[in-house]
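# Descriptive structure summary
One-letter residues, chain by chain:
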Amino acid sequence: MRPGTSRGSEQLNPGTAAAPRSLLQRIVGSIQAHELLGASPERPDAGKFTLLRDTRTDGSFLVHHFLSFYLRAGCKVCFVALLQSFSHYSIVAQKLGVNLAAAKEQGQLVFLEGLKSCLDLLFGEEEQPGQPSPLQFLSGSSGELRALFDFVRVSLTPCAQASWKGPVLLVDDLSVLLSLGAAPVAVLDFIHYCRVSVCCQLQGNIVVLVHSSEDSEDEENELVVNSLCHHSDLILWAEGLATGFCKDVHGQIKIIKRLSLRQAAEQDQVQIYQYKIQDRNVTFFARGLSAAVL
């Protein structure tokens, strides 16, 4: 036995020990979200309703991915942002190589800042004089979301001067509407009419984030989540690890392709990956194949 080696092991030359790990990382550790979904900015899908669902974790990284993806694809995007400010999304988008301010100025991005709209409505200020606030239901008794739907419809109606690709509606996050007092039926009606207008008539796409909890006592939220799951073409379900926090694996994502929605005889396709959120991207890998265990 050579000096410096122990029984049952072999001393490797410098640099060779890291080679297997590096190779596996390139194979399973560098998968990006659009690669998992088989999409690219050059050929975005059309007429699809995608549900982003998170449980025991924050699924907002998926919202940032789809926002930057569709803007790069040249799509017209209406972003109903109910959770964060424009500056928050802009900072994250810059890290992903997208300038939201420029997209907004060029008319590619229509941004509804829900936090500001709520304050303006509650304090009697109008964002655009003479036009009702998209969140008009806050000041009414009916709780219907007709004004919000009209905002989406007008924002995504094609015009002759623009040459954007298919329209996209992005909502972050739908659960906030329930917290603001909208009835579950009103929220589901809003999504239904948006699907008819954006997905069916305009052949665009809708991406919606909702929060859910397996042991939640919020029956209204779970009713909305379950109904949306039933009508979705694609479900991306981000879940926290059952074992708790891990610095190398931040959670797992379940990708459910609802083939049965189009053809009743087909079985839904389910894929499960784990992921790690980094500063400028998110990497996905098969369970048990993170860099920490390779």
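Structural notes, computed from the coordinates. Note that the coordinates shown come from a computational prediction; the quantities given were computed from them, not determined experimentally.

Scanning the protein for helices and strands turns up 11 helices and 9 strands. Here the analysis covers contacts within the protein between residues at least 6 apart in sequence; of these, 69% occur between residues at least 24 apart. Here the protein displays about 15700 Å² of accessible surface, and carbon together with sulfur accounts for 52% of that area.

Here the focus is the pattern of salt bridges. Per the stated rule, a full pass over the model turns up 6 salt bridges. Across the salt bridge formed by Lys116 and Asp120, the nearest N and O atoms sit 2.9 Å from each other. With Lys116 and Asp120 both in helix α6 (residues 114–122) and 4 residues apart, this pair spans about one turn of that helix. Since its relative accessible area comes to 43%, Lys116 is described here as partly exposed. One salt bridge in this structure joins Asp268 and Arg258, with 3.1 Å as the shortest N-O distance. Placement of the pair is Asp268 in the loop between α11 (259–262) and β8 (269–277) and Arg258 in the loop between β7 (251–257) and α11, with a sequence separation of 10 residues.

For the rest of this paragraph, the subject is a nonpolar patch on the surface. On the surface, a nonpolar cluster with roughly 380 Å² of combined accessible area is contributed by Leu119, Leu122 and Phe123. Structurally, Phe123 is set in the loop between α6 and α7 (146–156). For Phe123, a relative accessible area of 65% puts it in the exposed group.

Okay, helix α3 (residues 60–72) next. Spanning 13 residues, α3 covers 19 Å between terminal C-alpha atoms, matching the ideal 18 Å at 1.5 Å per step. Here α3 lies mainly inside the structure; 12 of its 13 residues are buried. Turning to α3, its buried residues number three or more, namely Ser60, Phe61, Leu62, Val63, His64, His65, Phe66, Leu67, Ser68, Phe69, Tyr70 and Leu71. Just downstream of α3 lies Gly74, where phi reads positive at about 85 degrees.

What the 9 strands build is an open sheet, ordered β3-β2-β4-β5-β1-β6-β7-β8-β9; its pairing is mixed. Looking at the sheet topology across the chains shown, the edges are occupied by β3 (109–113) and β9 (282–285). In this sheet, neighbouring strand axes are inclined to one another by 20 degrees on average, regardless of whether the strands run parallel or antiparallel. Alignment of strand β1 (residues 49–55) against strand β5 (residues 205–211), held across 6 bridges, turns out to be parallel. Looking at the pairing, Arg53 lines up with Val210 of β5. Taken strand by strand, helix α9 (residues 184–201) contacts β1, β4 (165–172) and β5, and its axis lies near 155 degrees from that of β5. Against the sheet, helix α10 (residues 219–231) makes contact with β1, β5 and β6 (234–239), and its axis sits at roughly 140 degrees relative to β1, the strand it touches most.

For the coordinates displayed, the defined rule picks out 9 aromatic pairs. With a centroid separation of 5.2 Å and an interplanar angle of 75 degrees, the aromatic rings of Phe69 and Tyr70 are classed as edge-to-face. Neither residue differs from the other here; Phe69 and Tyr70 are each classed as buried. Ring centres of Phe79 and Phe111 lie 5.4 Å apart, and the angle between their planes is 90 degrees; this geometry places the pair in the edge-to-face category. Note that Phe79 is positioned in strand β2 (residues 75–81) and Phe111 in strand β3, a separation of 32 residues in sequence. There is no split in this pair, since Phe79 and Phe111 are both buried.

Turning our attention to the nonpolar core. With 39 residues, the main nonpolar core has Val80, Leu145, Val152, Leu169, Leu174, Leu177 and Phe190 as its most contacted residues. Of all the elements, α9 adds the most residues to this core, at 7 residues. Among the nonpolar cores identified, the runner-up in size contains 37 residues, and Leu37, Leu62, Phe79 and Leu170 belong to it.

Tracing the chain through its elements places Ser133 in the loop between α6 and α7. Sequence-distant contacts of Ser133, defined by excluding residues within four places in its chain, comprise Leu121 and Ala147.

Turning our eyes to something else, we now look at the environment of Cys229. Note on placement: Cys229 falls in helix α10. In this structure the C-alpha to C-alpha distance between Cys229 and Thr50, which are 179 residues apart in sequence, comes to 9.2 Å. Cys229 has contacts with Leu51, Arg53, Ile235 and Arg258, leaving out every residue within four places of it along the chain.

Moving on, we get to the state of the cysteines. If you walk through the whole model with that rule in mind, you get 0 disulfides. Here Cys194 is not cross-linked by a disulfide; its sulfur's nearest cysteine counterpart is in Cys78, at 8.4 Å. Under the relative-accessibility criterion, Cys194 is labelled buried at 0%.

What counts and how
Residues numbered from 1 in each chain as written. Predicted model: local features only at pLDDT ≥ 70, side-chain atom pairs only at ≥ 80, totals over all residues. Heavy atoms only, no water. Helix = DSSP H or I, 4+ residues; strand = E, 2+ residues; numbered from the N terminus. Contact = heavy atoms within 4.5 Å. Areas by Shrake-Rupley, 256 points an atom, 1.4 Å probe, with all protein chains shown as cover. Salt bridge = Lys/Arg side-chain N within 4 Å of Asp/Glu carboxyl O. Buried < 20%, exposed > 50% of the residue type's maximum accessible area, 1.4 Å probe, protein only. Patch = residues over 30% accessible without salt bridge, like charges linked within 9 Å, V, L, I, M, F, W, Y side chains within 5 Å. Expected span 1.5 Å × (residues − 1). Pairing = 2+ DSSP bridges. Axes fitted to C-alpha atoms, helices over the stretch in contact; angles between N-to-C directions. Phe/Tyr/Trp six-rings, centres within 6.5 Å; stacked < 30°, edge-to-face > 60°. Core = buried A, V, L, I, M, F, W, Y, C linked by side-chain atoms within 4.5 Å. Disulfide = S-S within 2.5 Å.

Shape descriptors only; they carry no functional weight alone.
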